[in-house]
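# Close look at the chain arrangement
Single-letter residue listing:
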Amino acid sequence: MTVPRREAPEAPEGQPPVEALLRLHAPQVLGALVRRYGHFALAEDALQEALLAAARQWPRDGVPGNPRGWLIRVAARRLADALRGEEARARREETALRLEPREPRAAPADDDTLTLLFLCCDPVLAPAARIALTLRAVGGLTTAEIARAHLVPEATIAQRISRAKARLRATGADRPFRPPAPQDRDARLASVLQVLYLIFNEGYTATSGPALHRADLAREAIRLTRATRRLLPREGAVTGLLALMLLTEARSAARTGPDGELIPLDEQDRARWDRAAVAEGTALVEEALTEGPPGPYQLQAAIAALHDEAAGPATTDWPQILALYDVLVTKTPDPMAELGRAVALAMVEGPEAGLAALTALEPRLPDSHRLPAVRAHLLERTGAHRAAADAYRTAARRTLSLPERRYLQTRAARLDP
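Notes on the structure follow. (Residues numbered from 1 in each chain as written. Predicted model: local features only at pLDDT ≥ 70, side-chain atom pairs only at ≥ 80, totals over all residues. Heavy atoms only, no water.)

Now for the pattern of salt bridges. Within the structure shown, the criterion is met by 19 salt bridges. A salt bridge links Glu-220 to Arg-223, with the nearest nitrogen and oxygen atoms 2.7 Å apart. Of this pair, Glu-220 and Arg-223 both sit in helix H10 (residues 215–231), separated by three residues, roughly a single helical turn. In this structure Glu-220 comes out as buried when scored by relative accessible area, which is 11%. With a shortest N-O distance of 3.1 Å, Glu-380 and Arg-411 are connected by a salt bridge. Placement of Glu-380 in helix H17 (residues 370–382) and of Arg-411 in helix H19 (residues 402–415) is noted, with a sequence separation of 31 residues between them. The class of Glu-380 is partly exposed, set by a relative accessible area of 23%. (Salt bridge = Lys/Arg side-chain N within 4 Å of Asp/Glu carboxyl O. Helix = DSSP H or I, 4+ residues; strand = E, 2+ residues; numbered from the N terminus. Buried < 20%, exposed > 50% of the residue type's maximum accessible area, 1.4 Å probe, protein only.)

Turning our eyes to something else, we now look at the side chain of Arg-270. Mapped onto the elements, Arg-270 comes out in the loop between helix H11 (236–249) and helix H12 (275–288). Nearest to the buried, unbridged Arg-270 among oppositely charged side chains is Asp-308, at 6.6 Å. A distance of 3.2 Å separates the side chain of Arg-270 from the backbone oxygen of Ala-310, its partner in a polar contact. Among residues more than four places away in sequence, those in contact with Arg-270 are Leu-265, Arg-275, His-307, Ala-310, Ala-311, Gly-312, Pro-313 and Thr-316. (Lys, Arg positive; Asp, Glu negative; His and termini not counted. Polar contact = N/O pair within 3.5 Å; in protein donor to acceptor, adjacent residues only side chain to side chain. Contact = heavy atoms within 4.5 Å.)

Looking now at the packing of H11 against H12. Interhelical geometry of H11 versus H12 gives an angle of 155° and a closest axis separation of 8 Å. By the angle between their directions, the pair H11 and H12 is classed as roughly antiparallel. Seen from above, H11 lies across H12 with left-handed handedness. Residues Gly-236, Thr-239, Gly-240, Leu-242, Ala-243, Leu-246 and Leu-247 of H11 lie in contact with H12, whose contacting residues are Ala-277, Val-278, Glu-280, Gly-281, Thr-282, Leu-284, Val-285, Glu-287 and Ala-288. (Axes fitted to C-alpha atoms, helices over the stretch in contact; angles between N-to-C directions. Parallel < 35°, antiparallel > 145°, perpendicular 65-115°, else oblique. Left-handed = near helix turned anticlockwise from the far one by under 90°.)

Think of a pair of aromatic rings as described by two things: how far the centres are apart, and how the planes are tilted against each other in angle. Tallied over the full model, the rule gives three aromatic pairs. Seen in terms of ring centroids, Trp-58 and Trp-70 are 5.3 Å apart; in terms of plane orientation they differ by 70°. Their pairing is edge-to-face. Of the two residues, Trp-58 sits in helix H2 (residues 40–61) while Trp-70 sits in helix H3 (residues 67–84), which places them 12 residues apart along the sequence. As far as burial versus exposure is concerned, Trp-58 and Trp-70 are alike and both buried. With a centroid separation of 5.6 Å and 90° between ring planes, the pair formed by Tyr-197 and Tyr-297 is classed as edge-to-face. On the criterion of sequence distance, the pair formed by Tyr-197 in helix H9 (residues 182–204) and Tyr-297 in helix H13 (residues 296–309) is long-range, its members being 100 residues apart. Across the pair, Tyr-297 and Tyr-197 agree in class, each one buried. We note Arg-255 situated over the ring of Tyr-204; from NZ or CZ to the ring centre the distance is 3.8 Å. (Phe/Tyr/Trp six-rings, centres within 6.5 Å; stacked < 30°, edge-to-face > 60°. Lys NZ or Arg CZ within 6 Å of the ring centre and 35° of its normal.)

Below, the structure written as structure tokens:
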């Protein structure tokens, strides 16, 4: 029987169709291999060999009708060969014998994506390692792309990924990988969402470097969160996180000026906000709030929706935002939630109330640039311009983001006598 062929999906500009197709299926294939066989590092090596074979064969012979199945078959054979080569290890030899008769059981691609997300976000890994491994294995980014996104040497990212694989191997977390038991599932899902949120935050407001916004990283976090929601459509935390990302990213076009300078929220041209993203995010917030008791992501998304729905700073519903922050700070130990509450408190009760809240919060954020930046803004509102300028300069010294530093220095200079 002739195997039907199909055209590769339309690729991004400058990217060959076969390359785009391989990038689409690679995480799903890796998830299938890990789910069936474990051995993350060996499975990834087998996948790379299958991808190279496809890159040589598909442009010549055409794309198979089931490209994912083709890649799984080829990679499974490579993995079986690799495991047979480990005869000195009885456990792997036994595994290799089990591999011979059959290929990985077919499963929906999204199931394999979730398998891989759960594995890459194993709590045994450090947060930085989880992020790097997730972007590499699930996001399909190359080591060089991840390094550029984080403004660190490629060797640093390669080392993080290598150590993460070694850690998974040493702890037996990937032999073979099984989804977490029901009693462990919530903790593992919380780790997945935390990693996705960290990736998004690094994209939306880069912690260092010349650019305020790294659009590729933010979009990748949104894409992965959408995939997670397809797998878990009635998880309020997942829906809430996606809503929060969309409502936040909707403002990105208005956050910088023509020369890349930072524009604060109350000075942004709201006509430049992405209203389609605002509408989708708002609808998701409403849905998330019906999916069980609201957690931190749902509450933060509700706060973001109130900001995005306001026609301008003067019409923002600050009392409602403060009420949501009052609930949020009881749900999470994150001091940034307390910082957001201090801002809302200042908008409702006056800057002096906000400053008092900052004083109580300072021991929890001793090195953050955000706390002195908020303090400077509130001092400026009280008319204490010299103290505000000093606080702006303190914040500027602490941040590694060049756009934020320039903005804070400019504010300080305007207030100097």
